[in-house]
Amino acid sequence: HSALRVLIKSSDAQMFVDQLSRKSLANPCFYFDYVMDDQGRLVHVFWADATCRKNYAHFGELVSFDSTYNTNEYGMIFTPFTGVNHHKNSVLFGAAMLSNEKTESYIWLFHTFLKAMGGVAPKLIITDEPASIKLAIQDVFNTTVHRLCMWHILMKIVDKVGPTLK
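Residues numbered from 1 in each chain as written. Predicted model: local features only at pLDDT ≥ 70, side-chain atom pairs only at ≥ 80, totals over all residues. Heavy atoms only, no water.

A. Quick look at unusual backbone geometry. The phi dihedral of Lys-88 is positive, around 65 degrees, even though this residue is not glycine. Summarising the element assignment, Lys-88 is placed in the loop between strand E4 (77-84) and strand E5 (90-98). Residue classification places Lys-88 among the exposed residues on the basis of a relative accessible area of 74%. (Helix = DSSP H or I, 4+ residues; strand = E, 2+ residues; numbered from the N terminus. Buried < 20%, exposed > 50% of the residue type's maximum accessible area, 1.4 Å probe, protein only.)

What follows is the structure, given as structure tokens:
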């Protein structure tokens, strides 16, 4: 098993993009875009299938965007776009992997998300607190209200204001 990993390690990004291409050919409503560097490494990738896009068309006024997942062996940040449907269930609008948390990366991602969703920006977006996300939202979703996620605020409150408040 580890020999196979070593064998495909140098081409796994291309294999992933090829898989997304096959999905797009099989279903024209599947949307994806990506950026590779000059060494063939995946820098950014975004994808949304037909269900994601339909969910966004119906429930996309409020988007939760989370960039706190960084647990894969490639060191890429997994960033899902989610919302809530009329049954109060979470629904996926799309997902991405980014190689870094620079403002330019989020700008690329948010522009790509807009392309996938027919140019319709959410009315409200909830995120964690990196300044790079805030700047990208101001640039791309300039009419969207931006709020910070209460869970992230509560997790950091003791560090920010000390044990007295706790």
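The discussion continues.
B. Local environment of the nonpolar core. Counting 26 residues, the largest nonpolar core has Phe-46, Phe-81, Leu-109 and Phe-110 as the members making the most contacts within it. Going through the elements one at a time, strand E2 (42-48), helix H3 (50-59), strand E3 (62-65), E5, helix H4 (103-116) and helix H5 (131-140) are the ones with two or more residues in this core. Apart from residues lying up to four places away in sequence, Phe-81 is in contact with Phe-46, Val-63, Ser-64, Phe-65, Val-91, Leu-92, Phe-93, Gly-94, Ala-95, Leu-109, Phe-110 and Phe-113. In terms of nonpolar packing, the next biggest core, distinct from the first, is built from 9 residues, Val-17, Leu-20, Phe-32 and Leu-42 among them. (Core = buried A, V, L, I, M, F, W, Y, C linked by side-chain atoms within 4.5 Å. Contact = heavy atoms within 4.5 Å.)

C. Spatial organisation of the sheet that holds E4. Taken together, 7 strands build an open sheet; the order of strands is E1-E2-E5-E4-E3-E6-E7 and the sheet is mixed. Each having just a single partner strand, strand E1 (31-36) and strand E7 (145-148) make up the two edges of the open sheet. Between one strand axis and the next, the sheet turns by 20 degrees as a mean value, whatever way the strands run. Relative to E7, strand E6 (residues 124-127) is paired through 4 bridges, and the arrangement is parallel. Bridge pairing links Ile-126 to Arg-147 in E7. Most of the contacts of H3 go to E5, to which it runs at about 120 degrees, and overall it touches E1, E2, E3, E4 and E5. (Pairing = 2+ DSSP bridges. Axes fitted to C-alpha atoms, helices over the stretch in contact; angles between N-to-C directions.)

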